[in-house]
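# Results of the structural survey
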Amino acid sequence: MKDVREILKKRPLLFDGGMGTYYKAKPGQECEQANLLDPDGILTVHRAYLEAGADAIKTNTFGLPRMAAAQNPMWEAMADEGWKLAAQAAAKTSAAVFADLGPAPDTEALPAAQIYTALAERFAALGAKNFLFETLSSDAGVAEAARQIKEAVPDAFVLVSFAVLPDGYTREGRHCAELVRSMTACGAVDAVGLNCVSAPGAMRALVQQLGETKLPLAVMPNAGYPVVTRTRVQYQGRPEYFARELARLAAEGVRILGGCCGTTPAHIAALRAALDALPETLPAAPAAAVSTAAKPEVEKDDAFLRKLNAGKKVIAIELDSPKDADLTGYLDGARRLQAAGADLLTIADCPIARARMDSSLVACRVHRELGLNVLPHMTCRDRNLNATKALLLGLYAEGVREVLAITGDPIPTAERDEVKNVYQFNSRKLAQYIVSLAGEGREMPSPLTVFGALNLNARNFDVELRRAQEKLQNGMSGFLTQPVVNLKKTRETLGEKAKILAGIMPVVSQRNAVFMENEVNGIHVDAEIIERFAGLDRAQGEELGLEVSVKAAQAAAPYADGFYLMTPFNRIALMERLIARLKDEGIAD
């Protein structure tokens, strides 16, 4: 078997193409099952790529991490046969064989690192020395698995490859340059690169975004973009174009090349011929092209952020957007709250999964007409990656500088046949994606400030705090809490860097208190307070609600950077009175 490092010293390494698209599995059958059910068919594919000139082939085991996570009892047998078939095909040519591992699910119960390590150990026991982690959308668990591989097989060659959309981001919102840096820094990866999703021309543009790479760079694009018919998916990219574009990359310093979906032995043969025609001496991988053009100054923060960062107690107030298309009353209410002293207006994104006027559009209108700083909520429930990015760019252009990233309430069971959840992100990944849009060569001149939600009434509060710490690590700057219980432990755990706005929601009647206690997730109302509302009229109920709210704010003030006030039943006058009392008491600036 050829030594990969020795090949790379002399010339680019050429991989095979897309097993999954070239081998036509029977309907309902996973391609990897063919290792057991049709070994001759898999051998034929391996040999076809080798005859086309590939220096390295991948085992037919791409889907095994997913199968192992699902506890498919056959994954070990499929791994064993996949390795044996690839090794058998490569024996006569001395081509390198890579144990191929696709994406692994990453959950608290079963981390991706555990899945990858189990598979890698299986392949190492079979004699594998080359490992490929491919088509990844994040680096979860990869560094840990790579280190385990190096401990078991010190001379192992580990290649990690990410599936990146033409705009430079994976489907989980991670930017390719960030992922390449992460793998380079881990110290256990020998080469890094990009594969799948994008066509050859787009891959070349992506390489320019990576900057100088200390590790050998791999590029394995699809054969163009798929054309979907009723019965099949076809890739129509021609072998000669594929070979020409990848040969240009090789001439610019990319050291590992090959194909992914839709690439056939014909594509690899054309690329082999193009690579053989290149000069023997090639440059290092290309550096990113940095623009020297002057860029206009852009406001990176706003009055709310300046006040918050100066250590003054801020007031954010939530006002749900209208259920109809009339903003007249809403803008009047926002104007009154601004005059009363609110620093920021927060706008929920279709709370309880019921459609209202879009929170981001409302935020832009309020900011444009009133100059009031706004915090639109952005749920993971309703938008995919493209829609999320488009909306964020529009918000930035409108002068919005902060957003609240939350998972979002689930669609009610009775409506799930008509209304679908999206959940391409969770709130941590959404925050990470939002802040990654800013930077040199990125889409935003400066990052948006991202806040998250913190449920102080969670049954397992330690888990809630741990997730809050993860949110901070993923780019969030602070939290808006559910109505305050005790902020001391939260502040001690999260530290002074996290900005915490203590949630205050005035209860205005016994019926209101009972409803919130029983039907609103994350809110707890003490039985004693519920009893105190018994028999009170509207005015008396509001007065008691103000009293309880001010006491809660006083208790939270030593640990909070400000207050997050939730408006009940659109009662603007009540919130004006609450803001006035917080200021009169010296609780808010």
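Look up a bit, the structure's there.
For the structure given in this document, a descriptive report is provided here. (Residues numbered from 1 in each chain as written. Predicted model: local features only at pLDDT ≥ 70, side-chain atom pairs only at ≥ 80, totals over all residues. Heavy atoms only, no water.)

## Description of the nonpolar core
Y116, F131, F133 and V160 are the most contacted members of the largest nonpolar core, which totals 77 residues. Looking at which element gives the most residues to this core, the answer is helix α6 (residues 75-90), with eight residues. In contact with Y116, not counting residues within four places along its chain, are P65, L101, G102, P103, A104, F133, L136, A140, G141, V142 and A145. Counting 71 residues, the second-largest nonpolar core is a separate cluster that includes A342, C380, I500 and F563. (Core = buried A, V, L, I, M, F, W, Y, C linked by side-chain atoms within 4.5 Å. Buried < 20%, exposed > 50% of the residue type's maximum accessible area, 1.4 Å probe, protein only. Helix = DSSP H or I, 4+ residues; strand = E, 2+ residues; numbered from the N terminus. Contact = heavy atoms within 4.5 Å.)

## Describing the environment of A334
Residue placement: A334 occurs in helix α14 (residues 328-340). For A334, the contacting residues outside a window of four places in its chain are L319, L345, L370 and L372.

## As for the pattern of salt bridges
When the charged atoms of two side chains lie near each other, side chains of opposite charge can form a pair. By the definition in use, this model includes 41 salt bridges. Measuring nitrogen to oxygen at the nearest pair gives 3.3 Å for the salt bridge that ties R66 to E30. Of the two residues, R66 sits in helix α5 (residues 64-69) while E30 sits in the loop between α2 (19-22) and α3 (34-37), which places them 36 residues apart along the sequence. Taking the relative accessible area as the measure of exposure, R66 reaches 40% and is therefore partly exposed. What makes E30 partly exposed here is its relative accessible area of 31%. The closest approach of N and O atoms between K551 and E547, which form a salt bridge, is 3.4 Å. Linking K551 with E547, this pair stays in helix α22 (residues 538-556), spanning four residues, or about one helical turn. Of the residues examined, E547 reaches a relative accessible area of 30% and is grouped as partly exposed. Overlapping salt bridges bring together R538, E542, E543, R571, R577 and R581 as one network. (Salt bridge = Lys/Arg side-chain N within 4 Å of Asp/Glu carboxyl O.)

## Considerations on the environment of V403
Here V403 lies in strand β14 (residues 402-406). Its relative accessible area of 0% is what places V403 among the buried residues. Residues V403 and E240 lie 163 residues apart in sequence; the distance between their C-alpha atoms is 47 Å. What V403 contacts, discounting residues up to four positions off in sequence, is L375, P376, L392, L395, I434, L448, T449, V450 and F451.

## Description of the sheet that holds strand β2 (residues 56-58)
Strands sit in the order β1-β10-β7-β6-β5-β4-β3-β2 across an open sheet of eight strands; the sheet is parallel. Edge positions in the sheet fall to β1 (13-14) and β2, since each of these pairs with one other strand and no more. When strand β6 (residues 191-195) meets strand β7 (residues 217-220), the two strands line up parallel, connected through four bridges. Considered in β7, the bridge of V192 is made with L217. Most of the contacts of helix α8 (residues 142-152) go to strand β4 (residues 130-136), to which it runs at about 175°, and overall it touches β4 and β5 (157-162). (Pairing = 2+ DSSP bridges. Axes fitted to C-alpha atoms, helices over the stretch in contact; angles between N-to-C directions.)

## Comments concerning a nonpolar patch on the surface
Together, L36, L37 and M74 make up a nonpolar patch on the protein surface, roughly 280 Å² of accessible area in all. Mapped onto the elements of the fold, M74 is located in the loop between α5 and α6. Owing to a relative accessible area of 40%, M74 belongs among the partly exposed residues under this scheme. (Patch = residues over 30% accessible without salt bridge, like charges linked within 9 Å, V, L, I, M, F, W, Y side chains within 5 Å. Areas by Shrake-Rupley, 256 points an atom, 1.4 Å probe, with all protein chains shown as cover.)

## Overview of the sheet that holds strand β18 (residues 562-566)
Reading around the circumference, β11-β12-β13-β14-β15-β16-β17-β18 is the order of the eight strands in this closed barrel, with parallel pairing throughout. Between one strand and the next, the sheet's axes are offset by a mean angle of 25°, whatever the strand orientation. Each of β12 (344-347) and β13 (374-379) is contacted by helix α15 (residues 359-370), which is oriented at about 170° to β13, the strand it contacts most.

## Looking at helix α17 (residues 427-436)
Across the 10 residues of α17, seven count as buried, placing the element largely inside the fold. Taken together, the buried positions of α17 are occupied by S427, L430, A431, Q432, Y433, I434 and S436. Where the residues of α17 are buried, they touch α9 (176-186), β13, α16 (385-397), β14, β15 (449-454) and α18 (461-473). With a side-chain oxygen positioned 3.1 Å from the backbone nitrogen of R428, the residue opening α17 is N426. (Polar contact = N/O pair within 3.5 Å; in protein donor to acceptor, adjacent residues only side chain to side chain.)

## Examining the pairing of β6
For β6, a buried count of five out of five residues is recorded, marking the element as mostly surrounded by other parts of the structure. A two-sided burial pattern is seen for β6, the buried positions comprising A191, G193 and N195 on one face and V192 and L194 on the other. With four bridges joining them, β5 and β6 adopt parallel strand pairing. Its bridge partner being in β6, S161 is matched across the sheet by G193. Note on the crossover from β5 through α9 to β6: the handedness is right-handed. Remark: the β6/helix α10 (residues 200-208)/β7 crossover connection has right-handed handedness. (Right-handed = clockwise from strand over helix to strand, strands pointing away.)

## Observations concerning the packing of helix α4 (residues 39-51) against α6
Remark: α4 packs on α6, axes separated minimally by 9 Å, with the N-to-C direction vectors making an angle of 40°. Our classification of the angle between α4 and α6 gives oblique. When you trace α4 past α6, the crossing you get is right-handed. Note on element contacts: α6 touches α4 through L85, A86, Q88, A89 and A90, opposite P39, I42, L43, H46, R47 and L50. (Parallel < 35°, antiparallel > 145°, perpendicular 65-115°, else oblique. Left-handed = near helix turned anticlockwise from the far one by under 90°.)

## Focus: the packing of aromatic side chains
Taken as a whole and judged by the stated rule, the model has seven aromatic pairs. Considering the side-chain rings of F15 and F98, the 4.8 Å spacing of their centres and the 55° angle between planes classify their relative orientation as tilted. Within this pair, whereas F15 is found in the loop between β1 and α2, its partner F98 is found in strand β3 (residues 96-101), the two being separated by 83 residues in sequence. You'll find F15 and F98 in the same group, each marked buried. Here F98 and F157 contribute two aromatic rings whose centre-to-centre distance is 6.2 Å and whose plane-to-plane angle is 90°, an arrangement assigned as edge-to-face. Of this pair, F98 sits in strand β3 while F157 is found in strand β5, placing the two residues 59 residues apart along the sequence. (Phe/Tyr/Trp six-rings, centres within 6.5 Å; stacked < 30°, edge-to-face > 60°.)

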